[in-house]
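Geometric and topological summary
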Amino acid sequence: MALHGNGDGRIPAKDSLAVRARGGLLFMGGFVALLAVIELVNTLMSHSLNVIFGLRPRSVDGVFDILTFPLLHANFGHLLSNALPLVIFGFLVFLSGLRVFLTALAFSWLGSGLAVWLIGGGGVTVGASGLVFGLFTFLLVRGFFNRSWWQILLSVVLFLAYGSILFGLLPMVMGIVSWQAHLGGAIGGVVAAVLLRPRPLAVAQPN
């Protein structure tokens, strides 16, 4: 496939953004489709996968479930409640590049799982809402670490549109929802933003 650059071998930023946008839509669409397929299989199996691969707090076997519990849901309604914000937030993070997206996703995933494993209540936890909270908090705070006005503006718009979901971090509104997964995912998103912040350039010292 031929790529038209600007004469110095670089691809114009506009083209790069378009590639990232297309990649973000394909990746997040494919991820949600995977979740739907897993939920269909899980439903046909009377949700027995939740018992096997759901996250059990403070269980030795549960450590491995950190890798699988976001892929499972209680039902299709549960999946649908996570799908739209997951696609929106994931797409927006993906616009900053694959490395940024994978870092934010990994820390959201790990933070969510560790929080549930360490301080979760009884029972089995499933669902991708921890990823939603992680990607959301990453988008909210990264502009302040990056000192990027357009990212700060985006965070304000996102907060006005979706800020109410942050109530899901509070134990008092827990219900049957795992606030621990939300809190851990949110912390993971902030950690990712800190790690991905621009590093100051070292100043050469004269001899």
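The structure reproduced in this document is the subject of the present report.

Quick look at the nonpolar core now. By size, the foremost hydrophobic cluster in this structure holds 34 residues, and its most contacted members are F31, L86, F89, V93, L131, F138 and L158. Looking at this core, the elements that each hand over two or more residues are α1 (13-44), α4 (76-94), α5 (98-119), α6 (129-146), α7 (149-162) and α8 (179-195). Contacts of L131, omitting those with residues within four sequence positions, involve F31, P70, L86, L105, S108 and W109. I66, F69, V116 and A181 belong to the second largest nonpolar core, which has 5 residues in total.

Moving on to α6. Given a rise of 1.5 Å per residue, 18 residues ought to cover 26 Å, and the 26 Å separating the end C-alpha atoms of α6 matches this to within 8%. When the local axis directions of α6 are compared, the greatest deviation, roughly 35°, occurs at L140. The buried count for α6 comes to 14 of 18 residues, which makes it a mostly enclosed element. Phi for R147, located one or two positions after α6, is positive at around 55°.

Turning our eyes to something else, we now look at the packing of α4 against α5. In the contact formed by α4 and α5, the axes pass within 8 Å of each other and the chain directions differ by 135°. For the element pair α4 / α5, the angle class is oblique. Residues G90, V93 and F94 of α4 form the contact with α5, whose participating residues are L98, V100, F101 and A104. Here the contact of α4 with α5 is composed, by residue class, of 6 nonpolar, 1 polar and no charged.

What follows covers the packing of aromatic side chains. Applying the stated criterion across every chain yields a total of 5 aromatic pairs. Here F89 and F136 contribute two aromatic rings whose centre-to-centre distance is 4.9 Å and whose plane-to-plane angle is 25°, an arrangement assigned as stacked. Taken as a pair, F89 in helix α4 and F136 in helix α6 lie far apart in primary sequence, 47 residues in all. Each member of the pair, F89 as well as F136, carries the same accessibility label: buried. For the ring pair F94 and F101, a centre distance of 5.1 Å and an interplane angle of 50° mean the geometry is tilted. Here F94 matches F101 in class, with each residue buried. Put simply, the rings of F27, F94 and F101 pair up and form one aromatic cluster.

Let us now look at the layout of surface pockets. Its volume calculated, the second largest pocket comes out at about 150 Å³. Lining the second largest pocket, in full, are L95, S96, R99, V100, F138, R142, N146, W150, Q151, A193, L196 and P198. Among the elements of the structure, α5, α6 and α7 are those that each provide at least two residues to the lining of the second largest pocket. Sort the elements by how many residues they give to the lining of the second largest pocket and α6 lands first, with 3 residues. Here the lining of the second largest pocket is built from residues that sort into 7 nonpolar, 3 polar and 2 charged.

Glancing now at the environment of R56. Topologically, R56 is positioned in the loop between α2 (48-53) and α3 (62-65). On the accessibility criterion, R56 (25% relative accessible area) is partly exposed. Between the alpha carbons of R56 and G113 there is a distance of 9.8 Å; along the sequence they are 57 residues apart. The contacts of R56, once residues within four sequence positions are left out, are D61, G62, D65, W117, G123 and V124. Side chain to side chain, R56 and D65 meet in a polar contact 2.5 Å long.

So, about unusual backbone geometry. Trans peptide bonds make up the majority, and among non-glycine residues the majority have a negative phi. A positive phi is found at S46, a non-glycine position, where the angle reads about 55°. Within the secondary structure, S46 is located in the loop between α1 and α2. Judged by its relative accessible area of 65%, S46 is exposed. Positive phi outside glycine occurs at H47, with the angle close to 55°.

Criteria and thresholds
Residues numbered from 1 in each chain as written. Predicted model: local features only at pLDDT ≥ 70, side-chain atom pairs only at ≥ 80, totals over all residues. Heavy atoms only, no water. Core = buried A, V, L, I, M, F, W, Y, C linked by side-chain atoms within 4.5 Å. Buried < 20%, exposed > 50% of the residue type's maximum accessible area, 1.4 Å probe, protein only. Helix = DSSP H or I, 4+ residues; strand = E, 2+ residues; numbered from the N terminus. Contact = heavy atoms within 4.5 Å. Expected span 1.5 Å × (residues − 1). Bend = angle between axes of the 7 residues up to and from the residue. Axes fitted to C-alpha atoms, helices over the stretch in contact; angles between N-to-C directions. Parallel < 35°, antiparallel > 145°, perpendicular 65-115°, else oblique. Nonpolar A, V, L, I, M, F, W, Y, C, P; charged D, E, K, R; others polar. Phe/Tyr/Trp six-rings, centres within 6.5 Å; stacked < 30°, edge-to-face > 60°. 1 Å grid on protein atoms, 1.4 Å probe; cavity = no way out; pocket = protein on both sides within 12 Å on 5 of 7 lines; lining within 4 Å. Points joined across faces, edges and corners; volume = space filled by probe spheres on them. Polar contact = N/O pair within 3.5 Å; in protein donor to acceptor, adjacent residues only side chain to side chain.

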